[in-house]
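# Descriptive structure summary
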Amino acid sequence: MRPAGGGSDAPATHVLVLATLDAQPRRARLGRTRREASPEPPPTPVSTGRATVISAATPLASPAAARRWLADAGESQLTADLSVLNRALHAFALIAADPYLPQVGRGHLLVARVGYGDGEEVAYGRWSEARELLAPRTSQRRAQVLQPQARLAAVMGGREPLLAGETLALRARADLEAGRIREAALQVWVALDATLAELGGDPAADALAERLEELSEQRDAVADAAQAALAGELDQPRRTAVEFTLDRIEAALRARALGGASAPPRS
C-alpha cells in the first residue's frame, strides 16, 4: 500500500495480508429415535478473518531494536494499523459498490496483537515475538449505561423518531476519523442543515435555542469548506471549521436525546 494520492512511484508504507481462518467442522450427530425431544441445535461454526498490517516504511534495525519497539507498542500502534485496514476496506466497498461492507473498530476485534518477525514470517501473518493487547476498560456510571438502552426502547416502540441529522453526523464522524477530510466536509455541510431544520421543529427547540444559534453561526464556514472540498484538499482553517462544527452538531444531538440539556459555556 502506498500513500493516498502518492502515485505508483511512491514508496510503499505498508503491506496488508488478509487471511480467512476456517471454522472447525461440526461433528456428525448420531441419529435419534422418534420419541426423543429435539435438542437445541448447537451454534453454527463460522469462519474468522485475520488481517496483518506490516510496516514497510520503518524496518527494525536489529533484534534489540525490535524488542524495544515491541515494549513501547500499544493502543496507538493498533489505532494506526486499523486505519490502514479500514482504508483498504473502504476502497473495496466503493469498488464493489457494496454499501453494507463494514469497517472495523477496536470493539470488533476478537484478538489484537502487535509483534515483529522476518519477511517470511510476517508474509503469512506470523511473528518472532508478539504480545496481545487487551481492550481498555472504561468505567461508566449506571445512568450512562442505561440511557442508550432507554432511548433504543423509545425508538423501537415508536415513541421517539430518529433524525436524518444523526445519520449524517455519524457518517461524517466515520469519514473524519478515517482521514477522509473532503468527504467529512461534505457530510458535515448536509448534516448541519438537516440538524438545524429538525431541531428547530423539535418540542425541545426552546431548550436548544443557544445550541441552534451556535450552529447557525457555522453555516458560512462549513459551506466554504464544502465548496473547497469539491475542488481538492482542505487547508487547516477549513479542517478546523469542519471538526468544530461536527463536535457542536453531535453535542446538540446529545442534548436533544437527553431532553434538551442547556448548552455549556463556550470556550
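Residues numbered from 1 in each chain as written. Predicted model: local features only at pLDDT ≥ 70, side-chain atom pairs only at ≥ 80, totals over all residues. Heavy atoms only, no water.

### Thoughts on the packing of helix α6 (residues 181–200) against helix α7 (residues 209–216)
Working note: a packed helix pair is described by the angle between its axes plus the distance between those axes. Contact geometry for α6 and α7: axes closest at 10 Å, N-to-C directions at 155°. On the basis of their axis angle, the class for α6 and α7 is roughly antiparallel. Crossing of α6 against α7: the hand is left-handed. For the pair α6 and α7, contact is made by L192, T195, L196, L199 and G200 and by L212, L215 and S216, respectively. Along the lines of polarity and charge, the residues of the contact of α6 with α7 split into 5 nonpolar, 3 polar and no charged. (Axes fitted to C-alpha atoms, helices over the stretch in contact; angles between N-to-C directions. Helix = DSSP H or I, 4+ residues; strand = E, 2+ residues; numbered from the N terminus. Parallel < 35°, antiparallel > 145°, perpendicular 65-115°, else oblique. Left-handed = near helix turned anticlockwise from the far one by under 90°. Contact = heavy atoms within 4.5 Å. Nonpolar A, V, L, I, M, F, W, Y, C, P; charged D, E, K, R; others polar.)

### Quick look at the nonpolar core
In this structure, V188, L234, V242 and I249 are the most contacted members of the largest nonpolar core, which totals 29 residues. Among the secondary structure elements, those contributing two or more residues to this core are α5 (164–177), α6, α7, α8 (219–231) and α9 (236–257). The contacts of V188, once residues within four sequence positions are left out, are A172, V222, V242, T245, L246 and I249. Residues L78, L82, A112 and L133 belong to the second largest nonpolar core, which totals 10 residues. (Core = buried A, V, L, I, M, F, W, Y, C linked by side-chain atoms within 4.5 Å. Buried < 20%, exposed > 50% of the residue type's maximum accessible area, 1.4 Å probe, protein only.)

### Points about the environment of P237
Its place among the elements puts P237 in helix α9. Once the C-alpha coordinates of P237 and A221 are considered, the two residues, 16 residues apart in sequence, prove to be 9.5 Å apart.

### Considerations on the pattern of salt bridges
When charged atoms on two side chains of opposite charge get close, those side chains can pair. Enumeration over the complete set of coordinates arrives at 12 salt bridges. Ionic pairing is found between D224 and R238, a salt bridge with its closest N-O pair at 2.8 Å. Of the two residues, D224 is situated in helix α8 and R238 in helix α9; the sequence distance between them amounts to 14 residues. A relative accessible area of 37% means that D224 is categorised as partly exposed. We classify R238 as partly exposed; its relative accessible area is 26%. Two residues, D235 and R238, come together in a salt bridge whose shortest N-O distance is 3.0 Å. The partly exposed category is assigned to D235, whose relative accessible area is 35%. Residues joined by salt bridges that share partners form a network here, namely R151, E160, E166, D202 and R256. (Salt bridge = Lys/Arg side-chain N within 4 Å of Asp/Glu carboxyl O.)

### Some remarks on the packing of α5 against α6
Packing of α5 against α6 leaves a shortest axis separation of 8 Å and a crossing angle of 160°. For the element pair α5 / α6, the angle class is roughly antiparallel. Between α5 and α6 lies a crossing of left-handed hand. Residues A164, G165, L168, A169, R171, A172, D175 and L176 of α5 touch α6, and the partners they reach there are I181, E183, A184, Q187, V188, V190, A191, A194, T195 and E198.

### Section: the side chain of E214
Residue position: E214 is located in helix α7. Taking relative accessible area as the criterion, E214 reaches 8% and is therefore assigned buried. Separated by 3.2 Å, the side chains of E214 and R248 make a polar contact. (Polar contact = N/O pair within 3.5 Å; in protein donor to acceptor, adjacent residues only side chain to side chain.)

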